[in-house]
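Chain residues, written in single-letter form:
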Amino acid sequence: MRHDEMIAKVQALAQLPDRGSAERAAHAVVCTRSERLPSGLARHVAAQLPPDMAAAMREAADACAGADAGTAAERFGLTAFAGRIAGRAGTNEDTALREAAAVLEVLDAAVAPELTERMAAALPADIRALLPVGRAAEETEGTEGTGNTG
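Trainee: Where do I start with the environment of Cys64 in this structure?
Mentor: Among the structural elements, Cys64 can be located in helix H4 (residues 51–65). A sequence separation of 28 residues divides Cys64 from Arg36, and the C-alpha atoms of the two residues are 9.0 Å apart.

Trainee: Sorry if this is basic, but what is going on with the nonpolar core here?
Mentor: Across soluble globular proteins, you tend to see nonpolar side chains buried next to one another. Residues Val45, Leu49, Met53 and Met57 are the most contacted members of the largest nonpolar core, which totals 45 residues. Secondary structure elements with two or more residues in this core: helix H1 (3–14), helix H2 (19–36), helix H3 (39–46), H4, helix H5 (78–89), helix H6 (93–110) and helix H7 (113–122). Examining the composition of this core, we find that eight residues originate from one element, H6, more than from any other.

Trainee: Teacher, can you tell me more about the packing of aromatic side chains here?
Mentor: Each aromatic ring pair is specified by the distance between its two centres and by the angle formed by the two planes. Using the criterion set out here, one finds zero aromatic pairs in the structure. Cation over ring: Arg36 sits above Phe76, and NZ or CZ is 5.8 Å from the ring centre. Over the ring of Phe76 we find Arg84; its NZ or CZ atom is 4.0 Å from the centre of that ring.

Trainee: Would you explain H7 in this entry?
Mentor: Owing to its 3.6 residues per turn, the α-helix brings residues three or four apart onto one side. Within H7 the residues assigned to the buried category are Leu115, Thr116, Met119 and Ala120. The arc that holds the buried residues of H7, viewed along the axis, is 140 degrees, so those residues lie on one side. In H7, the exposed positions angled more than 90 degrees off the buried face are occupied by Glu114, Glu117 and Ala121.

Trainee: What is the right way to look at the environment of Ala12 in this model?
Mentor: You can see Ala12 is positioned in helix H1. Owing to a relative accessible area of 56%, Ala12 belongs among the exposed residues under this scheme. Along the backbone, Ala12 and Ala102 are 90 residues apart, and their C-alpha atoms lie at a distance of 8.6 Å.

Trainee: Just checking my understanding: could you explain H5 for this structure?
Mentor: When the terminal C-alpha atoms of H5 are compared, their 16 Å separation across twelve residues agrees well with the 16 Å that a helix rising 1.5 Å per residue should span. Burial in H5 covers these residues: Phe81, Ala82, Ile85, Ala86 and Ala89. What you see down the axis of H5 is that its buried residues fit within an arc of 130 degrees, all on one side. Turned more than 90 degrees off the buried face of H5, the exposed positions are Thr79 and Gly87. For H5, the elements touching its buried residues are H2, H6 and helix H8 (125–128). At the C-terminal side of H5, Gly90 shows a positive phi close to 70 degrees.

Conventions adopted
Residues numbered from 1 in each chain as written. Predicted model: local features only at pLDDT ≥ 70, side-chain atom pairs only at ≥ 80, totals over all residues. Heavy atoms only, no water. Helix = DSSP H or I, 4+ residues; strand = E, 2+ residues; numbered from the N terminus. Core = buried A, V, L, I, M, F, W, Y, C linked by side-chain atoms within 4.5 Å. Buried < 20%, exposed > 50% of the residue type's maximum accessible area, 1.4 Å probe, protein only. Phe/Tyr/Trp six-rings, centres within 6.5 Å; stacked < 30°, edge-to-face > 60°. Lys NZ or Arg CZ within 6 Å of the ring centre and 35° of its normal. Arc of directions from axis to C-beta. Expected span 1.5 Å × (residues − 1). Contact = heavy atoms within 4.5 Å.

These figures capture arrangement, not role.
Structure (structure tokens):
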């Protein structure tokens, strides 16, 4: 998927007024998501993204990793995730979460399904709920009423 196409989809899904807002949201989410993923995984994801988004993702992963290229992700939950996105995008936390869901949906469509699954597994449940796969899992668990262990 091309960068312009991704930004247009983010703008539409998040119902943002202009391309600049969609660019800011996408950059904020990509950077923050990179901080929450193991650096090696973030680099694998970046390899499948358009150059602009890939660079932002690699930069954030490298900043978190420091000298250790295989480091684990930073540990933070949904509140910090929303706060970081809001700070980077210049919005409030509620808006940041809405925009994050849109950006994550577009990003998930842009990368290989196995990477989407690995990213979901690396995130805590509260952040994972923003992902399309996370929302689908919650809906499935809610309708089945069984004790899924997945």
